[in-house]
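This is what each chain is made of:
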Amino acid sequence: MRPARSVVSLFALLVLASPAGAQSPDFSQVDQAALDAVNAGDIPGAVILVGQGDRILYRKAFGSRSLLAAREPVTVETIFDVASLTKVVATAPAVLLLAERGKLRLDDPLGRYLKEFGGAAHRKITLRAILTHTSGLPDLPSVEAMRQGLSRVAAALAREGLQYPPGAGFRYSDTGFILLGE
């Protein structure tokens, strides 16, 4: 895939598409930007939702939700994983705020907060190690763990084991941040 430079213009169009006081915003440029980004290979697909108050002004899907194995079209119900954004915009600041307020400590073991990680194999996984991607957790949860749903993902991940001893390496990990969210 090429860098998603079209995504920036897509965001700009979203901001500019509905001037204040306009009765019927014209989203044709948004449609075209999304189609251009998909057709250029910048993104596989997109769902665009624009709302104002309780009203949905625009909702449309473009492209594919998956390009691997079988191509699946995007629907307006498709939810894209934006884990990398969620890490820095929501999860890390929330954890740091809780630490600042004394609700948790960064050097506490994960098992203090998630009982599934209370065993000897996980004692050295701290919240700090998760935040710095040095926990030893796999970079992505296994398909099996995700099939069980978020309510059971911690138990499935605890059973899977570590990729390396905590602190012995670095692996950018969605898994750790999923657990921080829990």
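Here's a quick rundown of the structure. Quick caveat, the model's predicted, so the values are computed rather than measured.

1. Topic: the overall build of the protein chain
- From N to C terminus, the protein chain includes 7 helices and 3 strands.
- Counting all 182 residues of the protein chain, 33% fall into the buried class.
- For the protein chain, restricting intrachain contacts to residue pairs at least 6 apart in sequence, the fraction spanning at least 24 positions comes to 52%.

2. Regarding the side chain of D108
- Structurally, the position occupied by D108 is in the loop between α3 (83–100) and α4 (127–131).
- Residue classification places D108 among the buried residues on the basis of a relative accessible area of 4%.
- Side-chain polar atoms of D108 contact the side chain of R112, separated by 3.0 Å.
- Within the structure, D108 has its side chain in polar contact with the side chain of Y113 (distance 2.5 Å).

3. Topic: helix α2 (residues 28–39)
- Taking 1.5 Å per residue, 12 residues should reach 16 Å; α2 reaches 16 Å between its end C-alpha atoms and fits that length.
- Those residues of α2 that sit buried are V30, D31, A33, A34, A37 and V38. For α2, the angular spread of the buried residues around the axis is 165°, confining them to a single face. Away from its buried face by more than 90 degrees, α2 exposes Q29 and N39.

4. Points about helix α6 (residues 153–160)
- Along α6, the positions that sit buried rather than exposed are V153, A154, A156, L157 and A158.
- Buried positions along α6 lie against α5 (143–147) and α7 (174–181).
- Phi turns positive, to about 85°, at G161, one or two residues after α6.

5. Comments concerning unusual backbone geometry
- Its identity as a non-glycine residue notwithstanding, H133 has a phi of 60°, on the positive side.
- Structurally, H133 can be placed in the loop between α4 and α5.

6. A short note on the packing of aromatic side chains
- Taken as a whole and judged by the stated rule, the model has 1 aromatic pair.
- Their ring planes at 25° and their centres at 4.4 Å tell us that F27 and Y58 sit as a pair that is stacked. Taken together, the residues span a long stretch of sequence, with F27 in the loop between α1 (5–16) and α2 and Y58 in strand β2 (residues 55–66) at a distance of 31 residues.
- Given a relative accessible area of 8%, F27 falls into the buried group.
- Note that K87 overlies the ring of F177, its terminal NZ or CZ placed 5.8 Å from the centroid.

7. A few points about the nonpolar core
- Among the nonpolar cores identified, the biggest contains 21 residues, and L110, F117, L131, L179 and L180 are the most heavily contacted of them.
- Contributing elements (two or more residues each) for this core: α3, α4, α6 and α7.
- Per-element tally for this core: the top contributor is α6, with 5 residues.
- Filtering out sequence-adjacent residues up to four positions away, F117 remains in contact with L110, G111, H122, L137, A154, L157, A158 and L179.
- Membership of the second largest hydrophobic core comes to 11 residues, among which are V30, I48, V50 and Y58.

Conventions used here
Residues numbered from 1 in each chain as written. Predicted model: local features only at pLDDT ≥ 70, side-chain atom pairs only at ≥ 80, totals over all residues. Heavy atoms only, no water. Helix = DSSP H or I, 4+ residues; strand = E, 2+ residues; numbered from the N terminus. Buried < 20%, exposed > 50% of the residue type's maximum accessible area, 1.4 Å probe, protein only. Contact = heavy atoms within 4.5 Å. Polar contact = N/O pair within 3.5 Å; in protein donor to acceptor, adjacent residues only side chain to side chain. Expected span 1.5 Å × (residues − 1). Arc of directions from axis to C-beta. Phe/Tyr/Trp six-rings, centres within 6.5 Å; stacked < 30°, edge-to-face > 60°. Lys NZ or Arg CZ within 6 Å of the ring centre and 35° of its normal. Core = buried A, V, L, I, M, F, W, Y, C linked by side-chain atoms within 4.5 Å.

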